[in-house]
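Working through the structure, step by step
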Amino acid sequence: MKKVLVLFAHPALQKSRVNSQILEHLRGLENVTVHDLYQEYPEFDIDVAAEQDLLAAHDIIVFHHPMFWYSTPAILKEWQDLVLEHNWAFGKDGNALKDKMFMPLVTTGGPAEAYCAEGHNRFTVRQLLAPVEQTAVLCKMRYLPPYAVHGTHSITEEQIAKHAHKIKQVMQGLQQGELTAENIAKSEYMNSHITD
């Protein structure tokens, strides 16, 4: 079974009802490592060698975070800047991440309809995450569409539980090879590949 590394980033987790519940579900899954970057590095002193070892030991990499100003929280950008070194993650000799799968798992305060050309935010989540997608491509990874949980300010406990169950299905589908990059790479959202 493939091993999943969830790189989790939320600078105010104590205020997040949705992310904290999803995180607890992820922690209970077999062959899934949850790595809370803000907890591990409160001063942003990222241990590059340790992070590279973690990446090397896993097959599927997940960025789990809320959308902050249409991007990732600050520590994920710092993590990318330091950990994804030239000739390790990319460049002529940078093949450490080659063929690993990569998937964003994001939450948004706004509803799904706000994330489209006609909506308040003018772009889809996938479009807003284009720099992350290109980073994965540059590192020779197989980028998967994001799983998005929208409307976190008004979501019900039942809806949170439903998303947690779907995310579990996504992780297991990826681990067991039922969901492959070839089948789903062009989709806007991973959500559409999991039924209720």
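Below: a short report on this structure.

Reading the values: the criteria
- Residues numbered from 1 in each chain as written.
- Predicted model: local features only at pLDDT ≥ 70, side-chain atom pairs only at ≥ 80, totals over all residues.
- Heavy atoms only, no water.
- Axes fitted to C-alpha atoms, helices over the stretch in contact; angles between N-to-C directions.
- Helix = DSSP H or I, 4+ residues; strand = E, 2+ residues; numbered from the N terminus.
- Parallel < 35°, antiparallel > 145°, perpendicular 65-115°, else oblique.
- Contact = heavy atoms within 4.5 Å.
- Nonpolar A, V, L, I, M, F, W, Y, C, P; charged D, E, K, R; others polar.
- Left-handed = near helix turned anticlockwise from the far one by under 90°.
- Core = buried A, V, L, I, M, F, W, Y, C linked by side-chain atoms within 4.5 Å.
- Buried < 20%, exposed > 50% of the residue type's maximum accessible area, 1.4 Å probe, protein only.
- Lys, Arg positive; Asp, Glu negative; His and termini not counted.
- Salt bridge = Lys/Arg side-chain N within 4 Å of Asp/Glu carboxyl O.
- Polar contact = N/O pair within 3.5 Å; in protein donor to acceptor, adjacent residues only side chain to side chain.
- Phe/Tyr/Trp six-rings, centres within 6.5 Å; stacked < 30°, edge-to-face > 60°.

**Overview of the packing of helix H3 (residues 48-56) against helix H4 (residues 74-83)**
H4 packs onto H3 with a crossing angle of 90° between their chain directions and a minimal axis gap of 10 Å. The orientation of H3 relative to H4 falls into the category roughly perpendicular. For the pair H3 and H4, the contacting residues are Val-48, Glu-51, Gln-52 and Leu-55 in the first and Trp-79, Leu-82 and Val-83 in the second. When the residues that make up the contact of H3 with H4 are grouped by side-chain class, the tally is 5 nonpolar, 1 polar and 1 charged.

**Considering the packing of helix H1 (residues 17-27) against helix H7 (residues 157-175)**
In the contact formed by H1 and H7, the axes pass within 10 Å of each other and the chain directions differ by 40°. Our classification of the angle between H1 and H7 gives oblique. Note that H1 runs across H7; the crossing there is right-handed. Side by side, H1 and H7 meet where Arg-17, Val-18, Gln-21, Ile-22, His-25 and Leu-26 of the first sit next to Glu-157, Ile-160, Ala-164, Ile-167 and Met-171 of the second. Counted by class, the contact of H1 with H7 contains 7 nonpolar, 2 polar and 2 charged residues.

**Here's the deal with the nonpolar core**
Residues Leu-7, Leu-55, Trp-79, Leu-97 and Phe-102 are the most contacted members of the largest nonpolar core, which totals 33 residues. Only strand E1 (4-8), helix H2 (37-40), strand E3 (60-66), H4, strand E4 (101-107), helix H5 (125-128) and helix H6 (130-138) provide two or more residues apiece to this core. Among the elements that make up this core, the one with the highest residue count is H4 (4 residues). Apart from the residues within four sequence positions on either side, Leu-55 is in contact with Leu-5, Leu-7, Ile-61, Trp-79, Val-83, Leu-84, Trp-88, Leu-97 and Lys-100. Core analysis: the next-biggest nonpolar cluster, separate from the first, contains 26 residues, Val-18, Val-62, Leu-174 and Leu-179 among them.

**Some remarks on the side chain of Glu-51**
Tracing the backbone through its elements, the reader meets Glu-51 in helix H3. Of the side chains with opposite charge, Lys-100 lies nearest to the buried Glu-51, which makes no salt bridge, at 13 Å. Among the polar contacts listed, one links the side chain of Glu-51 to the side chain of Tyr-41, at a separation of 2.6 Å. Among residues more than four places away in sequence, those in contact with Glu-51 are Leu-7, His-35, Leu-37, Tyr-41, Ile-46, Trp-79 and Val-83.

**As for the environment of Phe-68**
Take Phe-68: it is sitting in the loop between E3 and H4. For Phe-68, a relative accessible area of 33% translates into the label partly exposed. Between the alpha carbons of Phe-68 and Gly-109 there is a distance of 9.8 Å; along the sequence they are 41 residues apart. Setting aside chain neighbours within four positions, we find Phe-68 in contact with Pro-11 and Pro-73.

**Some details on the pattern of salt bridges**
Considering all chains together, one arrives at 5 salt bridges under this definition. Here Arg-27 makes a salt bridge to Glu-24, at a shortest N to O gap of 3.0 Å. Within this pair, Arg-27 and its partner Glu-24 are both found in helix H1, separated by 3 residues, close to a single helical turn. On the accessibility criterion, Arg-27 (39% relative accessible area) is partly exposed.

**A few points about the packing of aromatic side chains**
Tallying each qualifying case throughout the model produces 4 aromatic pairs. Here Tyr-38 and Phe-44 contribute two aromatic rings whose centre-to-centre distance is 5.9 Å and whose plane-to-plane angle is 70°, an arrangement assigned as edge-to-face. Ring centres of Phe-63 and Phe-102 lie 4.8 Å apart, and the angle between their planes is 80°; this geometry places the pair in the edge-to-face category. Linking Phe-63 in strand E3 with Phe-102 in strand E4, this pair joins segments that are 39 residues apart in sequence. Each member of the pair, Phe-63 together with Phe-102, is buried. Pairwise contacts between aromatic rings join Phe-63, Trp-79, Phe-102 and Tyr-143 into one cluster.

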